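# Chain and residue survey
The lines below spell out each chain.
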Amino acid sequence: MNTTSQRGFNVDLSVLVDIISNAAGMMILFACMSLLVQVDKKTEQAVDAKPIDFPLSYIPTNKSSVVFALKNGRFYRLPDQALFKEVIRQNRLNKPISTLRLEKDGVLGAIEFTQLGLGYRFYYKLLDKDAALLNHPGALKDELDDILKTYPKNQYYITLYCWPDEFAHLQDIREYLIEQGMVVSWHPRFPGKADGETWDIVLARGDYDENFTTIKAQ
Amino acid sequence: MNDNSETTLIYNGLIFLVISGCILASATVACWLLLPKEPLPQFNIDMAQSQPMDAGKQKKPWWDQLVDGIRAKVQGKQMVKRDKDSGKNVAVAHGSGVPSTLTSEEQMILRQMIIAEEQLASVEGRPPESAAKRLSTRHGYQPWADYELQRMAARIVGMNYERTRDPALVAEYARTATAVASSDYANFEDYFHAGHANLFAGNIDQARNFLLNAEKQWPVKTGMVRGLNSLMILMCDAISNRQTEFFARLETLQETFQDWMFTEVYLPDLVILEAAHPRAPLLHVLHGRLLDMAYNDAAALQQYRKAEGLVGDSKRVVQSWIEEVEARRK
């Protein structure tokens, strides 16, 4: 399969045939691979998908819950990571902890090693200081964008604890997070309905207590 | 070779190089666009790194190495307190009568650190095995330290199995979880995990014993995990065809497992077991009953009808459920 160019030399087109057939083969391979990848993604989504399309609570099995709170006109991040780090720091000093407290970003947090010795219980008091203000849309958006960056939507779902005065903000925040593809659930909280005498939120990991239920999404 | 043929060769070569280059470039772009960008599961990478190919000699898994490392640093021979009558390590009771699962302050420090590292890894989205790598192990060898580290290793394998449902992890999960549950220090949580691991490893009788032990020692009567324990006993009974125990427990499932309506948590496991035990019709009965409770009538009927080979009372009970669902659908 030869052809002569204007300059008088022969171009062997059989090389082109080889190349084109190789390219076609590679394209078919890539098409198959991309199809397989798509199928895998669909399977993964199906496993973790919302079972029914209306606000029925469910448990995203492949995602961890991360909790935030709206109160006092502020948006609070709960300092669970800081508490864990402090426990580890104390343990490295060869000290066991029973209860440990710290204040961070406007939240007074306490961590308690459970009586059974299999997990931790967290107590949070939301203080009227330091946390992002809900009536500053720019700062709040930055805060939410930072959260979305820190907690990827394929690994986490967000739970918002909300007090009555902040319901309007809850709606906006929830809509924004859902628009960004994040799964969101929320829990209404009422004055006087706080867990215990002084704490606004009580959560646990690895605790066995009849008063606790699994955090669900909607 | 004359000038003309040399030019031809050079031009052919150039055409070949240019087109090949284009194809390689487009293939790279296609790879970048189409293939997933997430890194390979960290667990597999770490396992591979910690277990280099060693001709003729298989290295121990990293968690065994971790335990051995501590064993090698024997500093003292202080033993934990043992119960004089039974000769076993017993939990020290404190607080309001709820038993602790710890026997000494040193054990508490290590347990606290392990749980905090595990949970911090989970909160920060790191793979579970990163918790073991960050663990500061200053303890000399003590039986409880051995137990705590094996417990951590078993949980890491378990968490990876729960996350991926990778069948290649099941044997290791069962081995490590069984070792932990066989310790004198084992508690209901260890029995639960050993039951879970052995159920999926196909050691049904062993799984059932662990799960029954867990149920006996469970500190509360409610909660998702306790409900799952009860459900897994049902799965064991279904696979072993223990019809009497199966139907008796199934009757009280809604009371013992308040979170039964969250089918997304446990139905994928049931499907895995159905595939692994195709001759266990009671698994389909269980599957059908759970869907029936959730008013998923069409799917429930489908599962009931898959339960072939039932005889006697079992057949009659399932037939009555089929009739109930059909009547409801009309």
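Below or above, wherever it landed, is the structure these notes cover.

Parameters and conventions
- Residues numbered from 1 in each chain as written.
- Chains lettered and ligands numbered in written order.
- Predicted model: local features only at pLDDT ≥ 70, side-chain atom pairs only at ≥ 80, totals over all residues.
- Heavy atoms only, no water.
- Pairing = 2+ DSSP bridges.
- Helix = DSSP H or I, 4+ residues; strand = E, 2+ residues; numbered from the N terminus.
- Contact = heavy atoms within 4.5 Å.
- Axes fitted to C-alpha atoms, helices over the stretch in contact; angles between N-to-C directions.
- Buried area = accessible area lost by both parts, 1.4 Å probe.
- Salt bridge = Lys/Arg side-chain N within 4 Å of Asp/Glu carboxyl O.
- Polar contact = N/O pair within 3.5 Å; in protein donor to acceptor, adjacent residues only side chain to side chain.
- Buried < 20%, exposed > 50% of the residue type's maximum accessible area, 1.4 Å probe, protein only.
- 1 Å grid on protein atoms, 1.4 Å probe; cavity = no way out; pocket = protein on both sides within 12 Å on 5 of 7 lines; lining within 4 Å.
- Points joined across faces, edges and corners; volume = space filled by probe spheres on them.
- Nonpolar A, V, L, I, M, F, W, Y, C, P; charged D, E, K, R; others polar.

## As for the sheet that holds strand β8 (residues 132-133) of chain A
All names here are of chain A. The strand order across the open sheet built from 5 strands is β8-β4-β3-β9-β10, with neighbouring strands paired in mixed fashion. Strands with a single pairing partner mark the edges of an open sheet, and in this sheet they are β8 and β10 (184-188). Pairing of strand β3 (residues 64-71) with strand β4 (residues 74-77) involves 4 bridges; the strand directions are antiparallel. Residue pairing for β4: Ala 69 is matched across the bridge by Tyr 76. In the packing of helix α4 (residues 167-179) onto the sheet, contacts are made with β3, β4, β9 (156-162) and β10, and the angle to β10 comes to roughly 165°.

## Re the interface of chain B and chain A
Interfaces are often sized by the amount of accessible area the parts lose when they come together. Counting residues at the interface gives 56 residues for chain B and 52 residues for chain A. For the chain B and chain A pair, buried surface summed over both sides reaches about 4800 Å², with 64% attributable to carbon and sulfur atoms. Our count for the contact surface shared by chain B and chain A stands at 2 salt bridges. Two residues, Glu117(B) and Arg92(A), come together in a salt bridge whose shortest N-O distance is 3.3 Å. Between the two partners, chain B and chain A, sit 10 residue pairs in polar contact (both at pLDDT 80 or more). Counting only elements with at least two residues in the side of chain B that touches chain A, the list comes to α1 (3-34), α4 (105-123), α6 (143-164), α8 (188-201) and α13 (263-276) of chain B.

## Concerning the sheet that holds strand β7 (residues 120-126) of chain A
Reading across the sheet, the 4 strands line up as β5-β6-β7-β11 (chain A) and stay open at both edges, with antiparallel pairing between neighbours. The open sheet has two edge strands with one neighbour each: β5 (99-104) and β11 (201-205) of chain A. Looking at each pair of strands side by side, their axes are set apart by 20° on average, direction ignored. Both strand β6 (residues 107-113) of chain A and β7(A) contribute to a ladder of 7 bridges, which runs antiparallel. Among the inter-strand pairings, Ala110(A) is bridged to a residue of β7(A), identified as Tyr123(A). Against the sheet, α4(B) contacts β6, β7 and β11 of chain A, and its axis sits at roughly 60° relative to β7(A).

## So, the pattern of salt bridges
For the structure shown, the criterion picks out 27 salt bridges over all chains. When the shortest N-O distance is used, the salt bridge between Arg74(A) and Asp128(A) registers 3.0 Å. Pair noted here: Arg74(A) is in strand β4 and Asp128(A) is in the loop between β7 and β8, with a separation of 54 residues, a long-range link. The buried category is assigned to Arg74(A), whose relative accessible area is 14%. Two residues, Arg121(A) and Asp207(A), come together in a salt bridge whose shortest N-O distance is 2.7 Å. In this pair, Arg121(A) sits in strand β7 while Asp207(A) sits in the segment after β11, placing the two residues 86 residues apart along the sequence. The network of salt bridges with shared partners includes Asp205(B), Arg208(B), Asp237(B) and Arg242(B).

## Observations concerning the pairing of β7(A)
Residues and elements named next belong to chain A. Burial of β7 is extensive: 6 of the 7 residues sit out of reach of the surface. Hairpin remark: β6 followed by β7, antiparallel, with 6 residues in the connecting loop; positive phi at Gly 117, about 75°. Alignment of β7 against β11, held across 5 bridges, turns out to be antiparallel. Within β11, the position partnered with Tyr 123 by the bridge is Val 202.

## Examining empty space enclosed by the protein
Gaps left between atoms are located by rolling a probe of water-molecule size over the structure's atoms. Residue and element names in this part refer to chain B. On inspection of all chains with the given rule, the structure shows 1 cavity of 30 Å³ or more. Taken as a whole, the largest cavity holds about 70 Å³ of empty space. Forming the walls of the largest cavity are Arg 151, Ala 154, Arg 155, Tyr 173, Ala 177, Val 180, Glu 189, Asp 190 and His 193. For the lining of the largest cavity, the elements supplying multiple residues, two or more each, are α6, α7 (170-181) and α8. A breakdown of the residues in the lining of the largest cavity according to their chemical character gives 4 nonpolar, 1 polar and 4 charged.

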